[in-house]
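Here is what each chain is made of, one letter per residue.
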Amino acid sequence: MLTAAGVGSGLDIESMISQLMALERRPLNRLESRQRDVQLHISANGQLKGAIGRFQAAARALGDGGTLTGVKAASSDEDVLTVSASAAADTQSHDVVVTQLAAKHRLASNAYADENTAVGTGTLDITVNGNTLSLTLDGTNNTLAQIRDAINTDAANPGVTASIINVDAGSQLVLTANESGTANAIAVTPGGGLAGFSTSEVNAARDAQLTVDGFAVTSASNSVTGVITGVTLELRSAGSASVDFSSDSRVLADAVEEFVSAYNGLRGNIKALANNAFKGDSILLGLERAINQRLSTPVTLPDASTGYLYEMGVTFTDQGDLQFDGAALSETVAGGASRVLDFFGAAGGLATGLDAYLDGYLQADGILDGRIESLESRKRTLDGQVANVEYRLGKTEERLRAQFTALDSLLAQLTVTSDYLAQQLRPLQSANPTR
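Being a predicted model, the structure only gives us computed values, none of them experimental.

Scoring rules and cut-offs
Residues numbered from 1 in each chain as written. Predicted model: local features only at pLDDT ≥ 70, side-chain atom pairs only at ≥ 80, totals over all residues. Heavy atoms only, no water. Pairing = 2+ DSSP bridges. Helix = DSSP H or I, 4+ residues; strand = E, 2+ residues; numbered from the N terminus. Axes fitted to C-alpha atoms, helices over the stretch in contact; angles between N-to-C directions. Contact = heavy atoms within 4.5 Å. Buried < 20%, exposed > 50% of the residue type's maximum accessible area, 1.4 Å probe, protein only. Polar contact = N/O pair within 3.5 Å; in protein donor to acceptor, adjacent residues only side chain to side chain. Expected span 1.5 Å × (residues − 1). Arc of directions from axis to C-beta. Parallel < 35°, antiparallel > 145°, perpendicular 65-115°, else oblique. Left-handed = near helix turned anticlockwise from the far one by under 90°. Nonpolar A, V, L, I, M, F, W, Y, C, P; charged D, E, K, R; others polar. Phe/Tyr/Trp six-rings, centres within 6.5 Å; stacked < 30°, edge-to-face > 60°. Lys NZ or Arg CZ within 6 Å of the ring centre and 35° of its normal.

### Focus on the sheet that holds strand β6 (residues 131–137)
Read across the open sheet, the three strands follow the order β6-β5-β9; overall the sheet is antiparallel. Of all strands in the sheet, those with a lone pairing partner are β6 and β9 (186–192), marking the two edges. Across the sheet, the axes of successive neighbouring strands diverge by a mean angle of 15°, strand direction being ignored. Sheet contacts for helix α3 (residues 144–153): β5 (122–128) and β6; angle to β6, the most-contacted strand, approximately 145°.

Rendered as structure tokens:
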């Protein structure tokens, strides 16, 4: 069997097949071009969605006034306590003395040979803060390991974690309260045939004890909230520390600066896409116009006054980008940070409105997801068409090769016959050269 077309006849059959297949591939080339175009548009829509998402995130951060008030809390001794403050923090300085940290209650059982030792049969009640887990132990579930697993997996667990330690004395079941404080002390009551099962205290349950400006405070947790309005104290050790507050306007400035940067990034993305995948597509023009209209429209504040973007230190350049002037923002903040926060985050505020508008593009059934879903559906259709055409082309090439192989073989046979006849006629021509 011939392995290469044209070997027998000397014809350039490979070139003939290649040229014929190039003609046959024209429909496939058109489909593949459409495939690439659809994939380009899918990627472009994803790129636009990402840029809009970054701008929305920056707008949403500006709309969240609780994170932008810039209240900065500090502890004079972070080995004693650390401190954090919310927007509603009482910013007066306070003196804190920690005399005792809160601790979790911990009990250990008497020792057994190993964790697979049975402790007897009966009932075992474990109570924390008025909630009780009752276990019934029989001959199938009464080893230390089985009791541990039953406590940890039971839906009625009152707030205890069980473990096993293996020490010189043997294996012991250890029960640790999930929460600190005296209210979360663990009580274990064995009954029935569990008279030999007992527990002893390893760590006592304790409440945190401290004073704030001389006033006594007791807390079940070392994370103390509500004593100072808007402030959380994280207790670390016994000792004294002062808690001080200051204004941190940089938080707000950073958020505005990020907003400006995200807008400029989105605008650059829109410009690039408009010259490529979105050329002639009205969606970009509509998006940019709607955003710029919101940026240019004054905002009516809760006090009925009118706020302008330039007051926030943000203005347009001659090229249409945004630029940020921190000094202008600081000047507005000096007159009251609430004006800035309301401009961006109040009902009808700039950032609040932008956030809601951009949701129309980004939500699960939004504009861009709808476009991407439609494009992906078209791509799946094209993928199927390409696969079908490639299959037919494969069959066509097989057919052409079979036909040309047969032709090649026939021509080779005719050549052999012709050579044979010529060889037979040559003596006759030599005997009668005049004829």
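### A short note on the side chain of H94
Along the chain, the position of H94 falls in strand β3 (residues 94–100). On the basis of relative accessible area, H94 is assigned to the buried category, the value being 9%. A distance of 3.1 Å separates a polar atom in the side chain of H94 from the backbone oxygen of Q92. Here D213 takes part through its side chain, which lies 2.8 Å from a polar atom of the side chain of H94. Excluding residues that lie within four positions of it along the chain, H94 makes contacts with V212, D213, I228, A241, S242, V243 and F245.

### A look at helix α1 (residues 13–24)
What sets the pattern is the α-helix's 3.6 residues per turn: residues three or four places apart point alike. Between the first and last C-alpha of α1 there are 16 Å, a value that for twelve residues agrees with the 16 Å anticipated at 1.5 Å per step. Of all the residues in α1, the buried ones are I13, I17 and M21. For α1, the angular spread of buried residues about the axis comes to 70°, placing them on one side.

### Let's talk about the pairing of strand β12 (residues 215–219)
Within a regular strand, side chains alternate between the sheet's two faces. Alignment of strand β11 (residues 208–212) against β12, held across five bridges, turns out to be antiparallel. What sits directly across from T211, in β12, is A216.

### Here's the deal with the environment of Q424
Along the chain, the position of Q424 falls in helix α9 (residues 367–431). Separated by 94 residues in the primary sequence, Q424 and S330 have C-alpha atoms spaced 111 Å apart.

### A few points about the packing of helix α4 (residues 250–274) against helix α5 (residues 282–296)
Interhelical geometry of α4 versus α5 gives an angle of 155° and a closest axis separation of 10 Å. Judged on the interaxial angle alone, α5 and α4 are roughly antiparallel. Between α4 and α5 lies a crossing whose hand is left-handed. In contact with F259, Y263, L266, R267, I270, L273 and A274 of α4, α5 contributes L284, L287, E288, I291, N292 and L295. Classifying every residue of the contact of α4 with α5 by side-chain character gives ten nonpolar, one polar and two charged.

### As for the packing of aromatic side chains
According to the stated counting rule, one finds seven aromatic pairs in the structure shown. Plain terms: the ring middles of Y263 and F316 are 6.4 Å apart, the flat faces sit at 85° to each other, and that makes the pair edge-to-face. Remark: F316 occurs in strand β18 (residues 314–316) and Y263 occurs in helix α4; sequence separation between them is 53 residues. We classify Y263 as buried; its relative accessible area is 2%. Seen from their ring centres, Y357 and Y361 are 5.6 Å apart, and the 70° between their planes marks the pair as edge-to-face. You can see Y357 and its partner Y361 sitting in helix α8 (residues 350–362), four residues apart, about one turn around the helix. Connected via pairs of aromatic rings, a cluster forms that spans F55, F259, Y263, F316, F343 and F344. R294 extends its terminal NZ or CZ atom over the ring of Y357, reaching a point 4.3 Å from the ring centre.

### Focus on the sheet that holds strand β7 (residues 160–167)
Reading across the sheet, the four strands line up as β7-β8-β4-β10 and stay open at both edges, with antiparallel pairing between neighbours. At either margin of the open sheet sits one strand with a lone partner, and together these are β7 and β10 (199–203). The mean angle between the axes of side-by-side strands here comes to 30°, regardless of whether they run parallel or antiparallel. Across eight bridges, the pairing between β7 and strand β8 (residues 170–177) is antiparallel. Its bridge partner lying in β8, V160 is registered against A177.

Bear in mind that shape data such as this cannot, by itself, settle questions of function.
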